[in-house]
Amino acid sequence: MSRGDADVGVLEDQHIARADRLGPARIEPREGEQVAVRRRLAVLDVVDADDRVEQVAQPGDREHVIDLLVQRSRCDCDRHAGRHGADERGCLRTDRRLLGDEFLVAVYLRPQQPAGAGRVRRLIVVGKRALDDLRVREAGETVVVVSRIEGDAVTGEDLAEEPVEDRLVIGDRAVEVEDHRSRRHLTREYGPSAVTNTDSFPDRARCVVIGGGVGGASVLHHLHKLGWTDSVLVEQHNLTEGTTWHSAGFVGQLRSTISQTRMIMYSSELYAELAAAGHDPGWRPVGGMRVATTPERVQELQRAASTARTYGLELELESPEEAKARLPLLETSDVLASAWMPGDGYLDPELLVRALLADLDDAVFTCTRVTGIEVAGGRVSGVVTDRGTIETEVVVNAAGAAAGVVGALAGVPIPIVPMRHQYVVTEPLDPPLDEIPTVRDPDHIVYARPENGALLVGGYAREPNAYDDAAPLSEPRQLFGEDAARFAESWEAAQHRFPSIRGIGLAKVVNGPEAFTPDGEFLLGETSLPGLWIAAGFCVHGLAGAGGVGKSTAEWIACGQPELDMSGMDIRRFGPQFASRSYARTRALDSYSRYYDVVYPHEEREAGRPLRKSPAWGRLDALGTAWGEKAGWERPNWVGANAAAGDESLRPRGWAGRFWSPAIAAECIATRDAACLFDQSSFSKIDVRGPGALAALQWLCANDIDKPDGSLIYTQLCNACGGIEADLTVTRISGHHFRVTTGTALGVRDRQWMLRNMPDRTGLAIDDRTGAEACFCLWGPEARTILQPLTDTDLSTDAFPFLTSQQLLVGAVPVRAQRVTFVGELGWELYCPAEYGHTLWDLLWEAGAPSGLVAGGYRAIDSMRLEKGYRVWGTDLDPNTTPYEAGLGFAVRLGKEGGFLGREALEAQKEAGVDTRLRCLVLDDPLAIVLGNEPVRSGDDLIGRVTSGGPGYRVGASIAVAKVAAGVEPGDRVEVGMFGEWATATVAQEPLYDPHGELTRA
Ligand SMILES: Cc1cc2nc3c(=O)[nH]c(=O)nc-3n(C[C@H](O)[C@H](O)[C@H](O)COP(=O)(O)OP(=O)(O)OC[C@H]3O[C@@H](n4cnc5c(N)ncnc54)[C@H](O)[C@@H]3O)c2cc1C
């Protein structure tokens, strides 16, 4: 019998095309009936068993195929029989397996019978290309094996007469089993098993990874690599059957943050290594192009190209002509520039998972649903599954779009928002499309790559579609119907960019679930429940990110510290408001819709606002405040009423001037010359009380906080390597009562760090007081003149020195006043219970009017802190930067009694000397303002990277903080890479403003 014969029960092409587009369709061949489908779709073809031997693969392979089918049948039946009643749907399972170079096996089972028996729903062996098409078809109760692809056709056969193990019901008949091989044999033949390990089920593991998608597979791979070999993975379906199986497989390295880009660079290397080691994940290192069609996009690429130099990403900017030469079928008439990234590529998601789990089949338990997470003594103690409970202290929630549901099993909110995401595959081109680079055209929200002679086209919808389901991924291989309206813009753009696809039909539309986060960045790290980790929320970059995600997560778990800075992906960046599904959803939809937008520094997002308001909000709003948002707080960026006093000629050039106001400079000058009132109510405030508070904080802080009551201590909290985990102030309010004050967005993170790293928390109360207290900062030479008449407390320096704190009354308002500054002027931070906040603001405002008091915003604060050389955690400081590298050695007390976390590492570094240092650069052009991450060079040598910067209006300079090689000294001339140009700068002695601190101590 010839395979793929057009004259054997051919389904009409248009029928196929429709079925293909609409997703699940029903084709019900009856026994003895032949159905053939041409082109790329399934031929469900009933043939006799002998014929099948040749059709499936090489003769030796046949046995394995049958063996596999038998194994799968038995395993499902054994486990699920007795749990599913006859009227329940049972479980649909799939598996895929490489046969030779050409074939994969997919097995679909639906056991519904009592123990020892099961009904085989469908068994298929298909060519890889057609696998997804076949997936969506139902074969009724007839057992069908699709055995071969010929050209574009797939053929199959009935297995009804085949011997199978145990008693199985195939179709309507029971059959006896004659033969059975061990799964280990299969495993050796075909690599890692996607087959449920039924030989044993562990009752204990060092770590349990929940989720057999690419995220979980990579975490398990890397845990085993780090020696955590008694870690296991559990998956409710078969491997990849959540989101991973249908992924488009792009691996594009360039991301919005350096850490994420470096993670994906690692992924690319890993995928190539896996291929070289004989576990090819279908890796196609074809390179990637990103085209720009607007001047802003060109600038974005120029910026990316500059930054890429600092961390070794290969990225070249090319002209439209060069882009055309690289990819002649690309329409480039409207292209202004293109970035070429040779390390990009694409792969096969299922093969990637298989490659990651090579040799780990004993640790993989598929068809195992997690139904509970046990907690004991305040931390994870076990994972409950439908096959038993595994005792463990470490769990990684890698459940993709279902990560929120899995988190809820432990009562931990996980801000994951399942979304729908689409791509299409065209009919094969004529001539078939060769291997070409992947292409991204972000201005037109479209990306594309070759797919077996056709073009695969994906896009980010401007109006995204959340996947609101109480139990996402509970069925395997879920897909949604085509959403042509949402895809129209991307499809149109693809036809413009690739003229050769115009008029061509679509062979496939894939609209699948994907896990998004509220800010579009990955969700990693340990959750609020000790021992419960998260590795999910990959926002359509799970394949690209998986290598790096697995490596970083495993390092974090096994070594306590990942190599890269994870702060932008750390779950601790999200506060309690993200437990609200509607809030998280609103933010995630916004992030998705803006995914391909050019992101300008200081641009504010509007979604989900306003949420948290200070008591002074109304007063500031009446002054025309430009509001920014951080951690849900509305915070003044600048106050519009001050703009008239500003100077428009100070507007920075280029991007830095986009979101700017002359008010910023006016507020800085007012702070220098008179006084400015800043609303910093959003400061995170954490109280630590109890007899052990001093000892606990002494262990955490690099500085000595055993100071008299009322002292205020600036300190870093370091990790074991000496890296800075937090940068904050500690106030000793009295005896055993300490107040920790840290950044708006850092409260959750810093509190968790303290809790996890305190040697003994017995008897300690650790309370977040952030919302309970307002904070207004009155800074400037007139500060004392304004405040003194409002209080009986003596504010003179003798009575109230710098870096001290006192409880006092301002009018009738109880206030904790802290004499400290982030702007380098005389002044106080004034904290009061939130209900007094409005009154306190009014008192200060009225008292300040005669002295020229103005209200100011965060942009002015940032400008002035740069002039003072104050660092910011998250840009200048991170867990991979030590106080010595940051120039903060003055706040480290190595000799402190009892030591502190990170002391040994810091001691060693102090002795050996540092390799890098944070330095202040002053650019020659005061209107050339850095945005962060720019490269710094000396001559032809790359010597570092900018961490932050901005204009300094009191000193009239453009300032940059840069991490540079240790030998770079004040006075050295350097250059800073900005938008493809090099701007000259001088390394300066810090601080630029009030170098001896006379103003702050006045
Ligand atoms: C249409 C589309 C195209 C995409 N294209 C790309 C691309 O080109 N490049 C790219 O990098 N990324 C792409 N992605 C994203 C990528 O596919 C995902 O980020 C990635 O596959 C997610 O992997 P995961 O392991 O987090 O989730 P999943 O693959 O969904 O794995 C999670 C697993 O957890 C299991 N699970 C859930 N609950 C339980 C439970 N209670 N017990 C046991 N197991 C459970 C699920 O069954 C599932 O198998 C695309 C996504 C979509 C939707």
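What you are looking at is a predicted structure, and each value in this text was computed from that prediction instead of being measured. (Residues numbered from 1 in each chain as written. Predicted model: local features only at pLDDT ≥ 70, side-chain atom pairs only at ≥ 80, totals over all residues. Heavy atoms only, no water.)

### Quick notes on the confidence of the model for the protein chain
Model confidence for the protein chain is summarised by a mean pLDDT of 83, while 80% of its residues fall at 70 or above. pLDDT under 50 marks residues 1-196. Its contacts with residues more than four places away, or in other chains, come to 452 contacts. (pLDDT = per-residue confidence, 0-100. Contact = heavy atoms within 4.5 Å.)

### Side note on the sheet that holds strand S11 (residues 207-210)
Across the sheet, which stays open at both edges, the six strands sit in the order S18-S12-S11-S22-S30-S29 with mixed pairing between neighbours. Looking at which strands have only one partner, the edges of the open sheet turn out to be strand S18 (364-365) and strand S29 (523-526). Examined bridge by bridge, S29 and strand S30 (residues 532-536) share four bridges and lie antiparallel to one another. Along S30, the bridge assignment pairs Leu-524 with Ala-535. The strands that helix H6 (residues 214-225) touches are S11, strand S12 (231-234), S18, strand S22 (394-397) and S30; relative to S12, the one it contacts most, it runs at about 170°. (Pairing = 2+ DSSP bridges. Helix = DSSP H or I, 4+ residues; strand = E, 2+ residues; numbered from the N terminus. Axes fitted to C-alpha atoms, helices over the stretch in contact; angles between N-to-C directions.)

### Regarding the environment of Gly-545
Structurally, Gly-545 can be placed in helix H13 (residues 542-559). Those residues in contact with Gly-545, other than ones at most four positions away along the chain, are Ile-264, Ser-267 and Phe-522.

### Describing the packing of aromatic side chains
One pass over the structure, following the stated rule, counts 23 aromatic pairs. Judged by centre distance (6.2 Å) and plane angle (55°), the rings of Tyr-447 and Tyr-460 are tilted. With Tyr-447 in strand S25 (residues 446-451) and Tyr-460 in the loop between strand S26 (454-459) and strand S27 (465-466), this residue pair connects regions lying 13 residues apart in the sequence. Judged by its relative accessible area of 6%, Tyr-447 falls in the buried class. Given the relative accessible area of 3%, Tyr-460 is considered buried. On the numbers, 5.2 Å between centres and 50° between planes, the contact of Tyr-460 with Tyr-592 is tilted. Of the two residues, Tyr-460 is situated in the loop between S26 and S27 and Tyr-592 in helix H14 (residues 581-593); the sequence distance between them amounts to 132 residues. Each of the two residues, Tyr-460 as well as Tyr-592, counts as buried. (Phe/Tyr/Trp six-rings, centres within 6.5 Å; stacked < 30°, edge-to-face > 60°. Buried < 20%, exposed > 50% of the residue type's maximum accessible area, 1.4 Å probe, protein only.)

### Looking at the environment of Asp-842
In this fold, Asp-842 is placed in helix H20 (residues 837-848). The class for Asp-842 is buried, based on a relative accessible area of 18%. A C-alpha to C-alpha distance of 8.5 Å links Asp-842 and Arg-619, two positions 223 residues apart in sequence.

### Section: helix H17 (residues 693-700)
Among the eight residues of H17, six are classified as buried, and the element is accordingly described as predominantly covered. Looking at H17, one finds that the buried residues are Ala-693, Leu-694, Ala-696, Leu-697, Gln-698 and Leu-700. Those residues of H17 hidden inside the fold are in contact with strand S34 (684-689), strand S35 (712-718), strand S36 (724-734), strand S37 (737-742) and helix H18 (747-757).

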